[in-house]
Amino acid sequence: MTTARRPLLSYLPGFRAYLETSTKLGPVTRTRYVREVRTFATVVGNLPVQELTPAVLLQWHSGLWDRGSAPATIHQKHAAVKNFLKYLNEFEQVPQALGLINSLQRLQVPQTDRSGRKPYAVPKEWFDRMLAATDQPHQELLSVRNRCVLLFLWATGVRRAELIGLRIQDLDIAERIATVTGKGNKTRMVAFDPATAFELECWLGWRGLFPSQCDRVFISNRGHPLTLEWVSDFVKETAQRAGLPQPVWTHLLRHTRLTALLEGGMTLQNAAKIAGHARPETTMRYFHETGQGLREAYDRATAGRE
């Protein structure tokens, strides 16, 4: 089979090796990128590589819009395909790959959902209703785990991948500190409150009743690590069971925590460290005080300096 006639899916083994040996991406991100490229190749019909054109990319991208995919989802899919095209250009020497990268970069990604959904903070009363909705009759083990998952997301503001990658040895319940692995395989510490510490102790006490196959804190009823899709579905479905008036998704819990930290007086630099953001400017996007609150914060920060 010549390179020109090879179908897209045949490049996946090489792409996986490229991600592992030529990038600084973490294992969860690498796995997601391979999965996203497999989906992309399937959606476009597993074309021979020479039939991959800007028009094909545009049609694929338009399909994401038409299905109402969230901006973050489209960003992830674009990032995966862009890395795939880089691999085709650098290691498979596919002639049109560089041009396809340029075409992909010109495709616009929405800043909000097509429905106009914008980030908002989840009120504490809503979260309490979600906690109550984690109870599952006759499934006490799952109820304890689910309650703990939700509390940990709420208390720490961690990302989905950071939650499912958390190992037992990464927890210091006495100090209420956890070490999580974020983007770029970088580790950082996050804190949690006494209520979450108590729930973690309860869950770890019950966890041994599951047939554990790994050292992750949160596992499925078969003992395997939870998946990104499970976390997303769990948060969305729990909010629906709680009868909340608006949808809730995993990143919204992170948004709520970081907003609360900033509005509570934490410095932007410290909040950025907790969030795992390389730049404090990224964290600032989570700060949505009223004009009066922002002015008061400014006055406090500049008092006595003029």
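For the structure itself, consult the block above.
What counts and how
Residues numbered from 1 in each chain as written. Predicted model: local features only at pLDDT ≥ 70, side-chain atom pairs only at ≥ 80, totals over all residues. Heavy atoms only, no water. Buried < 20%, exposed > 50% of the residue type's maximum accessible area, 1.4 Å probe, protein only. Helix = DSSP H or I, 4+ residues; strand = E, 2+ residues; numbered from the N terminus. Pairing = 2+ DSSP bridges. Contact = heavy atoms within 4.5 Å. Axes fitted to C-alpha atoms, helices over the stretch in contact; angles between N-to-C directions. Parallel < 35°, antiparallel > 145°, perpendicular 65-115°, else oblique. Left-handed = near helix turned anticlockwise from the far one by under 90°. Nonpolar A, V, L, I, M, F, W, Y, C, P; charged D, E, K, R; others polar. Expected span 1.5 Å × (residues − 1). Arc of directions from axis to C-beta.

A.B. asks: What exactly am I supposed to notice about the pairing of strand 2 (residues 177–181) here?
C.D. replies: The two faces of a sheet get side chains in turn, since along a regular strand they alternate between them. Here strand 2 shows a clear split, with Ala178 and Val180 buried on one side and none of Ile177, Thr179 and Thr181 buried on the other. Bridge count for strand 2 against strand 3 (residues 187–191) is 5 bridges, and the pairing is antiparallel. Looking at the pairing, Thr179 lines up with Met189 of strand 3. Hairpin connection, strand 2 to strand 3: the antiparallel pair is bridged by 5 residues, and Gly184 has positive phi, about 70 degrees.

A.B. asks: Is there a simple way to think about unusual backbone geometry in this case?
C.D. replies: Working note: non-glycine residues mostly have negative phi, and peptide bonds are mostly trans. Of note, the phi angle at Gln93 is positive, near 50 degrees, even though the residue is not glycine. For Gln93, a relative accessible area of 65% translates into the label exposed. Even without glycine at this site, Arg176 takes up a positive phi of about 60 degrees. With respect to the secondary-structure elements, Arg176 resides in the loop between strand 1 (171–172) and strand 2.

A.B. asks: Just checking my understanding: could you explain the side chain of Arg257 for this structure?
C.D. replies: Note that Arg257 resides in helix 11 (residues 250–263). Residues contacting Arg257, with those up to four places away along its chain left out, are Trp154, Ala155, Thr156 and Gly157.

A.B. asks: Would you take a moment to explain the packing of helix 4 (residues 71–90) against helix 5 (residues 97–106) for this structure?
C.D. replies: Two quantities define a packed helix pair, namely the angle between the axes and the distance from one axis to the other. Packing of helix 4 against helix 5 brings their axes to within 8 Å, and their N-to-C directions diverge by 160 degrees. Taken as axis vectors, helix 4 and helix 5 run roughly antiparallel relative to one another. As for how helix 4 packs across helix 5, the hand of that crossing is left-handed. Taking contact as the criterion, the partners of His78, Val81, Lys82, Leu85, Lys86, Leu88 and Asn89 in helix 4 are, on helix 5, Ala97, Leu98, Leu100, Ile101, Leu104 and Gln105. Residues that form the contact of helix 4 with helix 5 fall into these classes: 8 nonpolar, 3 polar and 2 charged.

A.B. asks: Quick question: what am I supposed to make of helix 7 (residues 140–156) here?
C.D. replies: Helical periodicity: at 3.6 residues per turn, an α-helix aligns residues three or four positions apart in one direction. For helix 7, spanning 17 residues, the distance from its first C-alpha to its last is 24 Å, which sits close to the expected 24 Å at 1.5 Å a residue. Buried residues dominate helix 7, accounting for 14 of its 17 residues. Positioned one or two residues after helix 7, Gly157 has a phi angle of 70 degrees, which is positive.

A.B. asks: Explain the sheet that holds strand 2 here, please?
C.D. replies: Strand-to-strand pairing in sheets goes through backbone hydrogen bonds, with the strands running parallel or antiparallel. The strand order across the open sheet formed by 3 strands is 1-2-3, and the pairing between neighbours is antiparallel. Each edge of the open sheet carries a strand with a single partner, namely strand 1 and strand 3.

A.B. asks: Mind showing me how you'd approach the environment of Thr39 here?
C.D. replies: With respect to the element layout, Thr39 can be found in helix 2 (residues 27–43). In this structure Thr39 comes out as partly exposed when scored by relative accessible area, which is 37%. A sequence separation of 38 residues divides Thr39 from Lys77, and the C-alpha atoms of the two residues are 9.4 Å apart.

A.B. asks: I tried to follow helix 3 (residues 54–66) on my own but got confused; where do I start?
C.D. replies: The first and last C-alpha atoms of helix 3 sit 18 Å apart over 13 residues, in line with the 18 Å expected at 1.5 Å per residue. Buried within helix 3 are the following residues: Val56, Leu57, Trp60, His61, Gly63 and Leu64. Buried residues of helix 3, viewed axially, fall in a sector of 150 degrees; they line one side. Projecting away from the buried face of helix 3 at angles above 90 degrees are the exposed residues Ala55, Gln59 and Asp66. Contacts made by the buried residues of helix 3 are with helix 2, helix 4 and helix 5.

Bear in mind that shape data such as this cannot, by itself, settle questions of function.
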